[in-house]
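Residues per chain are reported as follows:
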Amino acid sequence: MINLKVNIDKVSDFISEKEINTFQNEIQTHFQSIINKTGKGNDFLGWVDLPNEISDDLLNKIEADAAKIKKLAKLFVVIGIGGSYLGARAVIEALSHNFNSLLPEKEFPQVLFAGQNIGEDYLADLLDVLDKNDYALAVISKSGTTTEPAIAFRLLKNHLEKKYGKNGASERIIAITDKEKGALKQLSDKENYSTYIVPDDVGGRYSVLTPVGLLPVAVAGFNIRKLINGAKEMREFIFSDLTSLNNPVALYAATRNVLYRKGMTTEIMVNYQPALFYLTEWWKQLFGESEGKENKGIFPAGVSFTSDLHSMGQYIQEGLRNIFETVLSVENQKRTLKIPKVDEDMDKLNYLAGRRINEVNKNAELGTALAHVDGGVPNIKITIDKVDEENLGQLVYFYEMACAVSGYILDVNPFDQPGVEAYKKNMFALLGKQGFEKETKEILLKMKNNE
Ligand code: PA5
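Keep in mind it's a predicted model, so treat the numbers as computed, not measured.

**Q** I'd like to hear about the overall build of the protein, residue by residue, with values.
**A** For the protein, the helix and strand inventory stands at 17 helices and ten strands. For the protein, the C-alpha radius of gyration of 23 Å lies close to 22 Å, the compact-globule estimate for 451 residues. Summarising its shape, the C-alpha atoms of the protein cover approximately 60 × 60 × 55 Å along the three principal directions. A burial count over the protein gives 52% of its 451 residues as buried. Of the contacts made within the protein by residues no fewer than 6 positions apart, 80% connect residues no fewer than 24 positions apart. Taken as a whole, the protein presents about 21600 Å² of accessible surface, with 52% of it coming from carbon and sulfur. Across the protein, 53 positive and 61 negative side-chain charges occur, with their mean positions spaced 3 Å apart.

Here it is in structure tokens:
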């Protein structure tokens, strides 16, 4: 059942229904180009049918590997960056106990992440922890050549081999990469690692429903079949009405693009649950890498309320008026906690006694939305019922489709990321990588001229 709703009541002070409706025909065309694979980047549309096409054999293999890791390891390190990292982290953190690492009895391995930065202290600290715990790892890189995960993998492979011997290490390494290209594929073949393939036609940031996201999520103890099922339900729901703005994808894509054309060039994704922090990070990557090109695109930002109401709240209320908010609102909590009554009402909170914390949070959410609208910030609301595998599967598919449609409205290719190469080229030139001799000369000269 689909509970996800998009509510645009709080944009009506800024844009009209008529303006939103002007996108109706265009969005219909974009849906068709996505389904018929005729638009820009059409060789990267594998994610569209993924929820229906994923085989039982693949899910069985992932679950079997997860069960094996559960026996072997207390910690599971997921090495990857960007789309080979954020989806898994988003789902795991959303579903996990907020203090999972401190719970004394953990049934499933705790998932840690590496290769998403080049912090020397981060990696050295990680090795301290891995010295003292049994662990296994997944190295995830579609290209198999990305520097950050390659560095982390080299360190951890070395560490594993010292700790468990070469064969023991191979048993604890799973590689998720291209079916034939890249250094990681060659190494995996040589060392006999258990491997999974990232489908050719699925780009990194659209790969959460492939082994890239599914294996870490399964190792963390969550139900990947329900996640896939949620995505499948959302796919059917979206496909059941590709012509009207009752379709939540169409409504969200149209509304954010009308706002963008009116000068609101930053979209702030808001959550009210700390566990959703990485879901916002994943959304930022999905939309930022997909839309931000050719000097166009809505800048995706994120805040966690109410924490950030005491930092970014000031800017949102009264700063430059080029922003709109999209609140990811969660109807129901998994736990129940009420505010206690105390005899001496020193903190003057007895008016809240007996009421649920979530009621306070919900009123903070409503009060904030009203205040921000009064301050000139339009507010889109996306509501889900609760944070579980099924709802997250629905949400992932919803955002992926909304991102693809929005990219087409902007007339960019939402499935490439050419701009990511610029920093890599400079870094390789500065580090003296073989093959970058010309770039090294150029960058040194440029820096000298700038002195
Ligand atoms: O979405 C993308 O394609 C990127 O963010 C990639 O996932 C990221 O750059 C990592 O690439 P790879 O998986 O090839 O190591």
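From this point, the narrative continues.
**Q** Kindly report on the layout of surface pockets, identifying the contributing residues and their values.
**A** Take a probe with the size of a water molecule and roll it over the atoms, and the empty space left behind shows itself. Of the volumes computed, that of the largest pocket is approximately 1500 Å³. Forming the boundary of the largest pocket are 49 residues, of which Ser 96, His 97, Asn 98, Phe 99 and Ala 275 lie nearest the centre. Breaking the lining of the largest pocket down by element, the ones donating at least two residues are helix H5 (86–95), strand S3 (110–114), helix H12 (277–291) and helix H14 (357–374). Its residues assigned to classes, the lining of the largest pocket comprises 26 nonpolar, 15 polar and eight charged. Formed jointly, the lining of the largest pocket draws a minimum of three residues from each of two domains, domain 1 (5–39 + 228–409) and domain 2 (47–222). Of all the secondary-structure elements, those providing two or more residues to the lining of the second largest pocket are strand S4 (135–141), helix H7 (147–171), H12 and helix H16 (421–431). Per-element tally for the lining of the second largest pocket: the top contributor is H16, with five residues. The residue makeup of the lining of the second largest pocket, split by class, is ten nonpolar, 13 polar and eleven charged.

**Q** For helix H17 (residues 437–450), give the residues involved together with the corresponding values.
**A** Along its 14 residues, H17 runs 20 Å from first to last C-alpha, staying within 8% of the 20 Å computed at 1.5 Å per residue. Listed in full, the buried residues belonging to H17 are Glu 439, Thr 440 and Ile 443. Buried residues of H17, seen end-on, are gathered within an arc of 105° and therefore sit on one face of the element. Of the exposed residues in H17, the ones pointing more than 90 degrees away from its buried face are Lys 438, Lys 441, Leu 445, Lys 448 and Asn 449. On its buried face, H17 sits against H16.

**Q** Tell me what's going on with the side chain of Arg 172, and back it up with residues and numbers.
**A** Within the fold, Arg 172 resides in the loop between H7 and strand S5 (173–177). At 4.4 Å, Asp 134 is the nearest oppositely charged side chain to Arg 172, a buried residue that forms no salt bridge. If we ignore the near neighbours within four places in the chain, the residues touching Arg 172 are Leu 72, Ala 73, Asp 134, Tyr 135, Ala 136, Leu 137, Leu 160 and Tyr 164.

**Q** Describe the sheet that holds strand S2 (residues 75–79), and please don't skip the residues or the numbers.
**A** A sheet is described by the order of its strands in space; here five strands give the open sequence S3-S2-S4-S5-S6, paired in parallel fashion. Since the sheet does not close on itself, it has two edges, and those belong to S3 and strand S6 (194–197), each with one partner. Averaged over all pairs of adjacent strands, the angle between their axes in this sheet comes to 20°, without regard to strand direction. Here five bridges tie S2 to S3, and the two strands are oriented parallel to one another. Bridge pairing in S3 places Phe 76 opposite Val 111. The strands that helix H6 (residues 120–131) touches are S2, S3 and S4; relative to S3, the one it contacts most, it runs at about 150°.

**Q** Give a detailed account of the domain arrangement of the protein, specifying residues and quantitative values.
**A** When cut into domains, the protein gives domain 1 (5–39 + 228–409) and domain 2 (47–222). Each of domain 1 and domain 2 has a C-alpha centre, and the two are 29 Å apart. Each side of the interface is counted separately: domain 1 has 31 residues, and domain 2 has 25 residues. Between domain 1 and domain 2, roughly 2600 Å² of surface is buried when both sides are summed, and carbon and sulfur atoms account for 64% of that area. Our enumeration of links across domain 1 and domain 2 arrives at two salt bridges. Two residues, Arg 235 and Asp 49, come together in a salt bridge whose shortest N-O distance is 2.6 Å. Here domain 1 is connected to domain 2 by eight residue pairs in polar contact (both at pLDDT 80 or more). Elements with a contribution of two residues or more to the side of domain 1 that touches domain 2: helix H10 (224–239), H12 and helix H15 (389–409).

**Q** Can you break down empty space enclosed by the protein residue by residue, with the values?
**A** Applying the stated criterion across every chain yields a total of one cavity of 30 Å³ or more. Counted as a void, the largest cavity has a volume near 30 Å³. Phe 44, Gly 203, Arg 205, Tyr 206 and Phe 415 are the residues that line the largest cavity. The class makeup of the residues in the lining of the largest cavity is three nonpolar, one polar and one charged.

Cut-offs and rules
Residues numbered from 1 in each chain as written. Predicted model: local features only at pLDDT ≥ 70, side-chain atom pairs only at ≥ 80, totals over all residues. Heavy atoms only, no water. Helix = DSSP H or I, 4+ residues; strand = E, 2+ residues; numbered from the N terminus. Rg over C-alpha atoms; globule rule 2.2 N^0.38 Å. Buried < 20%, exposed > 50% of the residue type's maximum accessible area, 1.4 Å probe, protein only. Contact = heavy atoms within 4.5 Å. Areas by Shrake-Rupley, 256 points an atom, 1.4 Å probe, with all protein chains shown as cover. Lys, Arg positive; Asp, Glu negative; His and termini not counted. Charge placed at Lys NZ, Arg CZ, Asp CG, Glu CD. 1 Å grid on protein atoms, 1.4 Å probe; cavity = no way out; pocket = protein on both sides within 12 Å on 5 of 7 lines; lining within 4 Å. Points joined across faces, edges and corners; volume = space filled by probe spheres on them. Nonpolar A, V, L, I, M, F, W, Y, C, P; charged D, E, K, R; others polar. Domains from an automatic or database assignment. Expected span 1.5 Å × (residues − 1). Arc of directions from axis to C-beta. Salt bridge = Lys/Arg side-chain N within 4 Å of Asp/Glu carboxyl O. Pairing = 2+ DSSP bridges. Axes fitted to C-alpha atoms, helices over the stretch in contact; angles between N-to-C directions. Buried area = accessible area lost by both parts, 1.4 Å probe. Polar contact = N/O pair within 3.5 Å; in protein donor to acceptor, adjacent residues only side chain to side chain.

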